[in-house]
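# Residue-level structure breakdown
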Amino acid sequence: MSKALKVMVILPIALWLGYVVIGNVMLSTKLVARLVSYNPIDATLFYGSAWSLWPGVVHVKELRLSGSDSTLEWAVLLDEVEADIHLTDLFRKKFHAEDIRAEGFTFRMRLLVDPTSERDLEAPHIKALPPIPEFTNPPLKPELPPRRDLENSDEGYNLWTVHLERVDTTLKEVWIQQVRYAGGGRVRGGFYYKPLRSVRVGPVALELRSGEVHLADRVVARVDADLDVTMNTFDPRDIEGLDVLDTTWARVRLDAQLPGLDFIHFFAGEGAEPRIEDGSGGLRANLVVNRGNVEPGSSLSYGTSHLAASAGSLRAAVAADVDLRVDERGQARLAVAVPRATLERPGKGLPPIVVERARAAFDAPELHLMRLPPGFSSKVEVVAAAIPDLRWLNPDDAGPDAPRFTGGAAFARSSLEVDPLGRGTGAVSLLLKQGALAWKETRVKGDIKARVALEAANLLGPTAKLGKSRIEIEDLAIEHEGEALPGWWARIDVDEGKVGRGLMEAAIRLECKDARPAVALLDAEDAIPGWAAGLLTMEGLKASATVRRKERDVDFRLLEAQGGNLAIRGRLTKSDGQDPLGAFLVKSGLLSVGIDLERDGAGVHPLVGDDWVNEKMAALGR
């Protein structure tokens, strides 16, 4: 009994002492590291110092574990760690550790670069990849195909597996591709990675405290955040881009300050347009995402007092607040408020266009990060917009004979609502003050008020049906080939209309001072007989007509026009690049005259009647 008792006491102590001696010799001589690093391309383990006083429980300082497969390279670095390492798993090419307590966690990952498609290996986005010990920079795919096709075959598969459980470590850095987080924080959870076969993450709780997010050498944001992430086991060979969200559940609380949005130019290049300036502001989020679907109760907001974008000769600047909410039913609303926006053309000597109090809201039955909602409705409202100089509207490439504005200002307000089927309704109110237009030998100047109602617009078409609308022209001065027509006015009511790409149709009713401007512009004044001249000067001329313009072809049908005892009806057509064609019948009591517009000029036909004009109108086609 005494001998047995001694054996029972001494044997465990001897085994423990044997483990302490042998284990620490293996650790101090880096035998464990050499075992893991047998093939440095697959996996490399390095540490500054290590010791163990209990089987499997290892204290390590300056630990670095890195590896690669045919698509990426990665590394985990820890300043100090205590972990329960399954030593026997090392002989099966598996680094399995539990109850990991560590300080100074750093993780880096980068994809391999294909030199056959990436010609400039000194490009900024290549130089911004994270450096990974034991691997060269930049990380190039081999020119020759791998000796073993491990992506498509299990034959010869011998890559190291990493399995970490119950991790609790302070955070130092996370650097994935060109995006790097540096700052305080904490990581708790687990991770499983079998290269080219299987990945599982979490549950992982990540705390970011007073850190900075960098894109290459640019500070993207200063953040304070909490993230809970779980990614179900997936085969990385089956995942492309955002498809990884199908495996992910995440809760995100984010409070970030953005110093600006100029980092957007990083991938597009410094010379790319549009150029973004400033955009500094606050970004806050409280999101729950389940397999890509944003869950009820989620919210996100962003606000900036100054965001500018320039392209070509234009520069726009806005102040904006963006707010995203998902209600308890899962319905999402994105609201955008723009208290003020300006549009400039630097160097042109024109004051900027100003928009004030613009609002937009977009509603969707759900919000998914990987696909557009099945249907969404929207409402956009502009309370006030001003074009202080109408020369803004002149295109830079207009020819010398093209109409052009020479002065005046415009003020507008508008609203538009779109249902989930893409059908829109709304209205636009417009005021032109002292608008001045020049075209060939014609000068026009005056005031215009307009209100256009939109009854049904197909934004996917795009086509739009106009409702009852009105245009009022006041105190219009017209000068045509030296002749002045001052004080002209008109009221135009649109009963219905249709506009689309290259198409405009409208049924209109007109009341105006007289018809002299139209006749003068058609160069048909000489064709009007003396007895019918009263039609041109009669106050309160009334008319109804239909107008159709398709591409550059115009078809004007004058259904009826009356002034005093005179009446006129007819049709005018004009094709692109050709002189107008048409026919009009003018009546005064028992007298009538036809005006025929042919290629070679206008002709007069006395004493013709309705049959003549009907025949002429029919000859112009449908």
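I will try to describe carefully the structure that is included in this document. Here the structure is a predicted model, which means the values were calculated and not measured. Along each chain, numbering runs from 1 in the same order as the chain's sequence is written. Owing to the predicted nature of the model, reporting of local features is limited to residues with pLDDT of at least 70; listing and counting of side-chain atom pairs is limited to 80 or more, with chain, interface and lining totals taken over all residues. With hydrogens and water set aside, each side-chain value is computed from the structure's full complement of heavy atoms.

## As for the overall build of the chain
A count of helices and strands for the chain gives 7 helices and 31 strands. The C-alpha radius of gyration of the chain comes to 39 Å, more than 25% above the 25 Å expected for a compact globule of 622 residues. Along the longest, intermediate and shortest principal axes, the C-alpha atoms of the chain span 145 × 45 × 45 Å. Across the 622 residues of the chain, 38% fall into the buried class. Counted over contacts in the chain with a minimum sequence separation of 6, partners at least 24 positions apart contribute 53%. Element-wise, carbon and sulfur atoms account for 58% of the exposed surface of the chain, whose accessible area totals about 34200 Å². Residues scored as charged are limited to Lys and Arg (positive) and Asp and Glu (negative), so that His and the chain ends carry no count. The location of each charge is read from NZ of Lys, CZ of Arg, CG of Asp or CD of Glu. Here the chain holds 77 positive side-chain charges and 89 negative ones, and the gap between their average locations is 4 Å. Comment: elements are numbered from the N terminus, with helices defined as DSSP H or I runs of at least four residues and strands as E runs of at least two. It is over C-alpha atoms that the radius of gyration is taken, and the globule rule equals 2.2 Å times the number of residues to the power 0.38. Here the term buried applies to any residue with accessible area under 20% of the maximum for its type, exposed to any over 50%, and partly exposed to those in between, with areas from a 1.4 Å probe on protein chains only. The contact criterion used throughout is that any non-hydrogen atoms of two residues lie within 4.5 Å. Each accessible area is a Shrake-Rupley result for a 1.4 Å probe, and residues are judged covered by the shown protein chains and nothing else.

## Side note on the packing of aromatic side chains
We describe a pair of aromatic rings using the distance from one ring centre to the other and the angle between the two ring planes. Geometry of aromatic contacts follows a simple scheme: Phe, Tyr and Trp rings, the Trp one being its six-membered ring, pair when their centres are within 6.5 Å, and the pair is stacked under 30 degrees between planes, edge-to-face over 60, tilted otherwise. If you walk through the whole model with that rule in mind, you get 2 aromatic pairs. Relative to Tyr-193, the ring of Trp-74 lies with its centre 6.3 Å away and its plane at 90°, an arrangement referred to as edge-to-face. Taken together, the residues span a long stretch of sequence, with Trp-74 in strand S4 (residues 72–85) and Tyr-193 in strand S7 (residues 179–194) at a distance of 119 residues. Given the relative accessible area of 9%, Tyr-193 is considered buried. These aromatic residues form a ring-pair network of at least three members: Trp-74, Phe-191 and Tyr-193. In this scheme, the term charge over a ring applies when either NZ of a lysine or CZ of an arginine sits within 6 Å of the ring centre and within 35 degrees of the ring normal. The ring of Trp-175 carries Arg-180 above its face, with NZ or CZ at 5.3 Å from the centroid. The ring of Trp-392 is capped by Arg-345, whose NZ or CZ atom sits 5.5 Å from the centre of that ring.

## Observations concerning the nonpolar core
What makes a nonpolar core is a set of buried Ala, Val, Leu, Ile, Met, Phe, Trp, Tyr and Cys residues whose side-chain atoms join them at distances within 4.5 Å. Core analysis: the largest hydrophobic core is formed by 52 residues, its most contacted members being Leu-45, Leu-65, Trp-74, Val-81 and Ile-100. Looking at which element gives the most residues to this core, the answer is S4, with 7 residues. Once residues lying within four places of it in the same chain are set aside, the contact partners of Ile-100 are Val-81, Glu-82, Ala-83, Leu-164, Glu-165, Arg-166, Val-167 and Asp-168.

## Concerning helix H7 (residues 610–619)
For an α-helix, 3.6 residues make a turn, and residues three or four places apart therefore share a direction. Regarding H7, the residues found buried are Trp-612, Val-613 and Met-617. When H7 is viewed along its axis, its buried side chains cluster within an angular range of 125° and face the same direction. Of the residues in H7, the exposed ones pointing more than 90 degrees away from the buried face are Asp-611, Glu-615, Ala-618 and Ala-619. With its phi angle positive at about 95°, Gly-621 sits one or two positions after the end of H7. It is the directions from the helix axis to the C-beta atoms that the arc portrays.

## Description of the pairing of strand S20 (residues 423–439)
We call two strands paired when DSSP finds no fewer than two bridges between them. In terms of strand pairing, strand S19 (residues 404–418) meets S20 through 13 bridges, oriented antiparallel. Paired with Phe-405 across the bridge in S20 is Leu-437. Between the end of S19 and the start of S20, which pair antiparallel, lie 4 residues, with Gly-422 showing a positive phi angle near 85°. Here S20 pairs with strand S21 (residues 442–458) via 14 bridges, running antiparallel. In the sheet register, Trp-439 faces S21, and the bridge partner there is Thr-442. The antiparallel hairpin formed by S20 and S21 contains 2 residues in its connecting segment, where Lys-440 sits at a positive phi of about 50°.

## Observations concerning the environment of Pro-139
Relative to the helices and strands, Pro-139 is located in the loop between helix H3 (124–127) and strand S6 (161–176). Setting aside chain neighbours within four positions, we find Pro-139 in contact with Glu-73, Arg-110, Leu-111, Leu-112, Val-113 and Leu-129.

## A word on the pattern of salt bridges
Each reported salt bridge corresponds to a side-chain nitrogen of Lys or Arg within 4 Å of a carboxyl oxygen of Asp or Glu. Within this structure, the stated rule accounts for 43 salt bridges. The salt bridge involving Asp-99 is made with Arg-166; its shortest N-O contact spans 2.7 Å. On the criterion of sequence distance, the pair formed by Asp-99 in strand S5 (residues 94–111) and Arg-166 in strand S6 is long-range, its members being 67 residues apart. Residue classification places Arg-166 among the partly exposed positions, given a relative accessible area of 43%. Asp-224 serves as the salt-bridge partner of Arg-253, at 2.8 Å between the closest nitrogen and oxygen.

## Let's talk about the side chain of Lys-513
With respect to the helices and strands, Lys-513 occurs in the loop between strand S25 (503–512) and helix H5 (516–521). Given the relative accessible area of 16%, Lys-513 is considered buried. A distance of 3.4 Å separates the side chain of Lys-513 from the backbone oxygen of Pro-486, its partner in a polar contact. Here a polar contact is recorded for every N or O atom pair within 3.5 Å, except that within protein the pair must consist of a potential hydrogen donor and a potential acceptor, and residues adjacent in sequence are included only if both atoms are side-chain atoms.

## Some details on the pairing of strand S22 (residues 463–466)
Burial along S22 is one-sided: Ala-464 and Leu-466 are buried, while Thr-463 and Lys-465, pointing the other way, are not. Two strands pair when backbone bridges link them, and S21 and S22 are joined in this way by 4 bridges, in the antiparallel orientation. Its bridge partner lying in S22, Ala-457 is registered against Ala-464. By the bridge criterion, 4 bridges tie S22 to strand S24 (residues 483–500) in an arrangement that is antiparallel.

## Describing the side chain of Ser-592
Mapped onto the elements, Ser-592 comes out in strand S30 (residues 591–598). At a separation of 2.4 Å, a polar atom in the side chain of Ser-592 contacts the main-chain carbonyl oxygen of Val-608.

## Side note on the environment of Leu-307
Relative to the elements of secondary structure, Leu-307 occurs in strand S14 (residues 299–311). Each C-alpha atom, one on Leu-307 and one on Val-318, is 5.3 Å from the other, the two residues being 11 residues apart in sequence. Sequence-distant contacts of Leu-307, defined by excluding residues within four places in its chain, comprise Leu-261, Ile-276, Glu-277, Asp-278, Gly-279, Ala-316, Ala-317 and Val-318.

## Comments concerning a nonpolar patch on the surface
Exposure above 30% relative accessible area and the lack of any salt bridge qualify a residue for a patch; like charges then connect within 9 Å, and the nonpolar side chains Val, Leu, Ile, Met, Phe, Trp and Tyr within 5 Å. A contiguous nonpolar surface patch, about 230 Å² in accessible area, is contributed by Phe-362, Phe-376 and Val-380. With respect to the helices, strands and loops of the structure, Phe-376 is situated in the loop between strand S17 (353–364) and strand S18 (377–387).

## Examining unusual backbone geometry
Across the junction of Asn-137 and Pro-138, the peptide omega takes the value -10°, indicating a cis bond. Residue Pro-203 is reached from Gly-202 by a cis peptide bond, and omega for that bond is 5°. Note on placement: Pro-203 falls in strand S8 (residues 198–215). In this structure, Gln-177 takes a positive phi of about 55° despite not being glycine. Relative to the helices and strands, Gln-177 resides in the loop between S6 and S7. Take Gln-177: its relative accessible area is 21%, and that puts it in the partly exposed class. The phi dihedral of Asp-475 is positive, around 50°, even though this residue is not glycine. Positionally, Asp-475 belongs in strand S23 (residues 469–480).

## A look at the environment of Tyr-47
Looking at the secondary structure, you find Tyr-47 in the loop between strand S1 (43–46) and strand S2 (49–54). For Tyr-47 and Leu-63, which are 16 residues apart along the polypeptide, the C-alpha to C-alpha distance reads 4.3 Å.

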